[in-house]
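Structural overview
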Amino acid sequence: MDPNSKRREEYRAKHSSLNLHRNRSLAADATALKSGNMFARFIGVAFLLVICFGVAWAAHMYFMVHSAIDSKGGGNIANSVKISTRQPISVLILGVDQGIEGRHDQGNSDTLILVTANPQKNTATMTSIPRDTLADIKGDPGNKYFMFRVNSAYEVGGSRTSVKTVSSMLNVPINYYVEVNMKALRSLVNAVGGVDVNVPFSFSYDWCDFHKGKQHLNGRHAVAYVRMRKEDPRGDYGRQLRQRQVIQAIAKKAMSVNTISNYRKLVDIFNKYVKTNLSFNDMLSLALNYRGCMNNLKSGYLQGHDAWIDGASIQVASTKELQKTSDKIRKNLNLDTETLDNEETRQNELNDQNNHVKWDNPQAFTNYQIYERDVDKPARGSNSGYGKNPNPQSSSSSSSSSGGWKFQW
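Since we're looking at a predicted model, the values are computed, not measured.

A look at the overall build of the protein
Of regular secondary structure, the protein possesses 11 helices and 16 strands. Within the protein, the fraction of its 409 residues that count as buried is 44%. Considering only intrachain contacts with a sequence separation of at least 6, the fraction spanning at least 24 residues in the protein is 63%. For the protein, the exposed area adds up to about 22,100 Å²; of that, 54% sits on carbon and sulfur atoms.

Focus on the nonpolar core
Formed by 24 residues in total, the largest nonpolar core has its most connected members in V195, V197, F203, F210, L217, Y225 and V246. Elements that contribute at least two residues to this core include exactly α5 (184-191), β7 (195-199), β9 (208-210), α6 (219-227), α7 (236-254) and α8 (263-273). Among all residues touching F210, those that are not within four sequence positions of it are V199, F201, S202, F203, Y205, Q215, L217, H221, A224 and Y225. Ranked by size, the runner-up nonpolar core spans 22 residues in total, among them L92, L112, L302 and I329.

A few points about the confidence of the model for the protein
Confidence along the protein averages 77 in pLDDT terms, with 67% of residues attaining 70 or more. Averaged pLDDT values for the elements of the protein fall to 33 in strand β15 (residues 399-402) and rise to 97 in helix α10 (residues 319-332). Within the model, pLDDT remains below 50 along residues 17-28, and this stretch shows one contact once partners closer than five positions in the same chain are excluded. Long-range and interchain partners of residues 384-406, a stretch whose pLDDT sits below 50, account for 46 contacts in this model, where long-range means more than four residues apart.

Quick look at empty space enclosed by the protein
Taking a probe equal in size to a water molecule and rolling it over the atoms shows the remaining empty space. Applying the stated criterion across every chain, the model contains two cavities of 30 Å³ or more. Lining the largest cavity are L134, M147, V316, A317, L322, E344, N348 and Y368. A per-class count over the lining of the largest cavity returns six nonpolar, one polar and one charged. Empty space within the second largest cavity amounts to approximately 40 Å³. The wall of the second largest cavity is formed by D110, T111, L112, I113, S128, I129, P130, R131, D236, Q240 and Q243. Elements represented by at least two residues in the lining of the second largest cavity include exactly β2 (109-118) and α7. If one sorts the elements of the lining of the second largest cavity by residue count, β2 sits on top with four residues.

Describing the pattern of salt bridges
Here the idea is simple: oppositely charged side chains can pair when their charged atoms come close. A full pass over the atoms with the stated rule returns nine salt bridges. Between R131 and D132 there is a salt bridge whose closest N-O contact spans 3.8 Å. Both residues of the pair, R131 and D132, belong to the buried class. Notably, a salt bridge pairs E343 with R346, separated by 2.9 Å at the nearest N-O pair.

A look at α10
An ideal rise of 1.5 Å per residue puts 20 Å on 14 residues; α10 measures up with 20 Å between its terminal C-alpha atoms. Of the positions making up α10, those classed as buried are E321, L322, Q323, T325, S326, D327, I329, R330 and N332. Buried residues belonging to α10 abut β2, β3 (123-128), α4 (152-170), β12 (297-301) and α11 (343-355). Positioned one or two residues after α10, N334 has a phi angle of 60°, which is positive.

Examining the packing of aromatic side chains
Within a pair of aromatic rings, the relevant descriptors are the distance that separates the centres and the angle that separates the planes. Under the definition given, this model contains seven aromatic pairs. Each residue in the set F201, F203, F210 and Y225 is aromatic and connected to the rest through ring pairs, giving one cluster. Positioned over the ring face of Y225 is R242, at 5.8 Å from the centre of the ring.

What to know about the sheet that holds β2
Pairing in this open sheet of six strands is mixed, and the strands run β11-β6-β1-β2-β3-β12 from one edge to the other. Unpaired on one side and paired on the other, β11 (274-276) and β12 mark the two borders of the sheet. When strand polarity is set aside, the average angle formed by the axes of neighbouring strands in this sheet is 15°. Inspection of the sheet shows β3 paired to β12 by five bridges, in the parallel sense. The partner of S128 across the bridge, within β12, is Y301. Of the strands in this sheet, β1 (89-96), β2 and β6 (176-181) are in contact with α4, which crosses β1 at around 140°.

Cut-off values and rules
Residues numbered from 1 in each chain as written. Predicted model: local features only at pLDDT ≥ 70, side-chain atom pairs only at ≥ 80, totals over all residues. Heavy atoms only, no water. Helix = DSSP H or I, 4+ residues; strand = E, 2+ residues; numbered from the N terminus. Buried < 20%, exposed > 50% of the residue type's maximum accessible area, 1.4 Å probe, protein only. Contact = heavy atoms within 4.5 Å. Areas by Shrake-Rupley, 256 points an atom, 1.4 Å probe, with all protein chains shown as cover. Core = buried A, V, L, I, M, F, W, Y, C linked by side-chain atoms within 4.5 Å. pLDDT = per-residue confidence, 0-100. 1 Å grid on protein atoms, 1.4 Å probe; cavity = no way out; pocket = protein on both sides within 12 Å on 5 of 7 lines; lining within 4 Å. Points joined across faces, edges and corners; volume = space filled by probe spheres on them. Nonpolar A, V, L, I, M, F, W, Y, C, P; charged D, E, K, R; others polar. Salt bridge = Lys/Arg side-chain N within 4 Å of Asp/Glu carboxyl O. Expected span 1.5 Å × (residues − 1). Phe/Tyr/Trp six-rings, centres within 6.5 Å; stacked < 30°, edge-to-face > 60°. Lys NZ or Arg CZ within 6 Å of the ring centre and 35° of its normal. Pairing = 2+ DSSP bridges. Axes fitted to C-alpha atoms, helices over the stretch in contact; angles between N-to-C directions.

In structure tokens:
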């Protein structure tokens, strides 16, 4: 037998026993394991699984919302320069009435609210524009409509025409729009668990009762709350106030962590009822970097004067009122104020000079006339001999003509 082989066997025997001893010293004895240690390990594994599932769920939610919102913006997924660099922005909110009371046409924008947000100052403005405000409808092919109610701009050319019209009327840039079908309001309020508002006075509408003071509204009550107009002593201005209340309450609840569990409902509603040119990244940046603006929000409206023009009820905003509103919005956008010079102010100036309208007279104008574009001559039939509404039942929707000039309301 090879003497070297014998020495190798002795070496293995000696060191194998040493290795076994080392392994036993490193391995925990089963009898030494405490039940508390086993429980801690189990909790650790369970916690890790929860984190994994949470990350997966959050990623799923992120990409679902991302896809839903970007599909509304035509695939625009990048941040806009203004939002990514935290610049002041303006957004026109349009509440359209498609599907309400059986409508299936393009419809009008019964709600127009211009919002500005300035993250540098942490200030925001929310300005309601009455739907009956007389405006020069921009983007109207052939100027068929010319001076019409501002809400008709949406019927003429959708949100793009509405943006152009409001921007020209107030001389302010409008960066984005959010178009919301009013049918979404009920579902949206329910999805965030209802909203709290301060009811200005007690009233009943559409089988819903409202009591002065703080009240929690579900979706059905919220729709009734923002639609009632005739019983409000302030008319459409009172309704605009209630609309702003509900919009603010929805925005506040939507940013609450308590509504994350309902994200599927919100995404479905967004997909079905909302159109916007904001991308998902834009909205995410707004939520993260512009939320401080809501702490200093100034809410108001463009005040109009009642008028009867060619037998139709309309609101005419004075040049002074238009200028005041323009100045407020431009200041929050860090823009210098400018003297308004547009078709609306031209019409006011001609009526001041030729018809001596009295803006401080609370009575509705019966002598306000529409002048032809670029010509200081009244359009044929514009308030020629009316003096009062010839058909009170058709004040909200009428079509009348005289001498070839025609309003289609």
